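# Observations on chain architecture
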Amino acid sequence: GKAGVDFREAAVLIGVEPDGRVVLIERAPGGGVYGGQMALPGGAREPGESLEACALREWREELGLQPSHQPTSDPVPLTEVHVVPSRFIVRPHLAFVALAETLDFDPVEVGRVHRLRLADLMLDAPLTSQRVRVGGEHWLAMTAPGFSLPGVPFIWGATAMMLSELRSILLSQKE
């Protein structure tokens, strides 16, 4: 599909904190098709907005940050992910960020905030498959690949794909 024709555009921010953690959100329960699922802060692009500006705006809104809050590095775009169920093309952006330990997140969209240690993402053991529920009101159970990490609900779908790219980048830096 084509962006703007068959698919809407969206962007997320993978914000890496100084201590090597990434903030993930657990979508609010009952929040439609993706309610209760793990996600990166982000959302739909508004008319006239760049994908980078979208990623930053949504990151601030969902985490309860001031409109002036900025990453500590310029965001770098990663590979886009086509999310067929919601008909979105999502562009992840990677940046270093500084965040307070406690965040005043938007409870309409965010059920909980989790911090994922990149060191845990780098291990081989977290790559697994689990049964998940998909589809909101009319759900179905299926087995999906993803990450099973300490202290964080199972991460699968588009979020797992984006984190998998980050994992590959980090592993290539170790070589």
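Residues numbered from 1 in each chain as written. Predicted model: local features only at pLDDT ≥ 70, side-chain atom pairs only at ≥ 80, totals over all residues. Heavy atoms only, no water.

### Examining the overall build of the protein chain
A tally of helices and strands in the protein chain yields three helices and 11 strands. Put simply, the protein chain runs from its N terminus to its C terminus through helices and strands in the order β-β-β-β-α-β-β-β-β-α-β-β-β-α. Buried residues in the protein chain amount to 43% of all 175 residues. Summarising the internal contacts of the protein chain: among those between residues at least 6 apart in sequence, 57% fall at separations of at least 24. As displayed, the protein chain offers around 9300 Å² of accessible surface, 55% of which is attributable to carbon and sulfur atoms. (Helix = DSSP H or I, 4+ residues; strand = E, 2+ residues; numbered from the N terminus. Buried < 20%, exposed > 50% of the residue type's maximum accessible area, 1.4 Å probe, protein only. Contact = heavy atoms within 4.5 Å. Areas by Shrake-Rupley, 256 points an atom, 1.4 Å probe, with all protein chains shown as cover.)

### A few points about the nonpolar core
Core analysis: the largest hydrophobic core is formed by 25 residues, its most contacted members being Ile14, Leu24, Leu40, Ile155, Leu163 and Leu166. Elements with a minimum of two residues in this core: β1 (8-16), β2 (21-27), β6 (81-83), β7 (88-96), α2 (118-121), β10 (140-149), β11 (152-156) and α3 (157-174). With near-sequence residues (within four places) excluded, Leu40 lies in contact with Val12, Leu13, Ile14, Val22, Val23, Leu24, Ile25, Arg27, Glu62, Thr159, Met162 and Leu163. Judged by nonpolar contacts, the second largest core, of 16 residues, contains Ala11, Leu56, Leu63 and Leu65. (Core = buried A, V, L, I, M, F, W, Y, C linked by side-chain atoms within 4.5 Å.)

### Regarding the pattern of salt bridges
Within the structure shown, the criterion is met by 13 salt bridges. Across the pair Arg115 and Glu17 runs a salt bridge, and its minimum N-O distance is 2.7 Å. Here Arg115 is found in strand β8 (residues 110-117), whereas its partner Glu17 is found in the loop between β1 and β2, with 98 residues between them in sequence. For Arg115, a relative accessible area of 18% corresponds to the buried category. Residue classification places Glu17 among the buried residues on the basis of a relative accessible area of 5%. The salt bridge involving Arg117 is made with Asp120; its shortest N-O contact spans 3.0 Å. (Salt bridge = Lys/Arg side-chain N within 4 Å of Asp/Glu carboxyl O.)

### A few points about α3
End to end, α3 covers 26 Å across 18 residues, agreeing with the expected 26 Å (1.5 Å per residue, within 8%). For α3, the complete set of buried residues consists of Thr159, Ala160, Met162, Leu163, Leu166 and Arg167. The arc that holds every buried residue of α3, seen down its axis, measures 160°, which confines them to one face. (Expected span 1.5 Å × (residues − 1). Arc of directions from axis to C-beta.)

### Some details on the confidence of the model for the protein chain
Here the protein chain averages 87 in pLDDT, and 86% of its residues register 70 or above. Between the elements of the protein chain, mean pLDDT differs from a low of 68, seen in strand β9 (residues 127-134), to a high of 97, seen in strand β5 (residues 76-77). (pLDDT = per-residue confidence, 0-100.)

### Thoughts on the pairing of β7
In regular strands, side chains alternate between the two faces of the sheet. The element β7 is largely enclosed, with a buried count of seven among its nine residues. Note: β1 against β7, nine bridges, orientation parallel. Bridge pairing in β7 places Arg8 opposite Phe88. Where β6 and β7 come together, three bridges link them in antiparallel fashion. Within the sheet, the bridge partner assigned to His82 lies in β7 and is Ile89. (Pairing = 2+ DSSP bridges.)

### Re the environment of Arg60
Locating Arg60 in the fold gives a position in helix α1 (residues 51-63). The spacing of Arg60 and Phe105 is 45 residues in sequence and 8.9 Å in space, taken between C-alpha atoms. Discounting residues that sit within four places of it in the chain, Arg60 has contacts with Leu65, Gln66, Pro67, His69 and Gln70. For Arg60, the side chain forms a polar contact with the main-chain oxygen of His69, separated by 2.6 Å. (Polar contact = N/O pair within 3.5 Å; in protein donor to acceptor, adjacent residues only side chain to side chain.)

### Quick word on α1
Over its 13 residues, α1 runs 18 Å from end to end, which matches the ideal 18 Å to within 8%, given 1.5 Å per residue. Inspection of α1 places Cys54, Ala55, Leu56, Arg57, Glu58, Trp59, Arg60, Glu62 and Leu63 among the buried residues, and these make up the whole buried set. Buried residues in α1 make contact with β1, β2, β4 (42-44), β7 and β8. Of the residues trailing α1, Gly64 is marked for its positive phi of about 75°.

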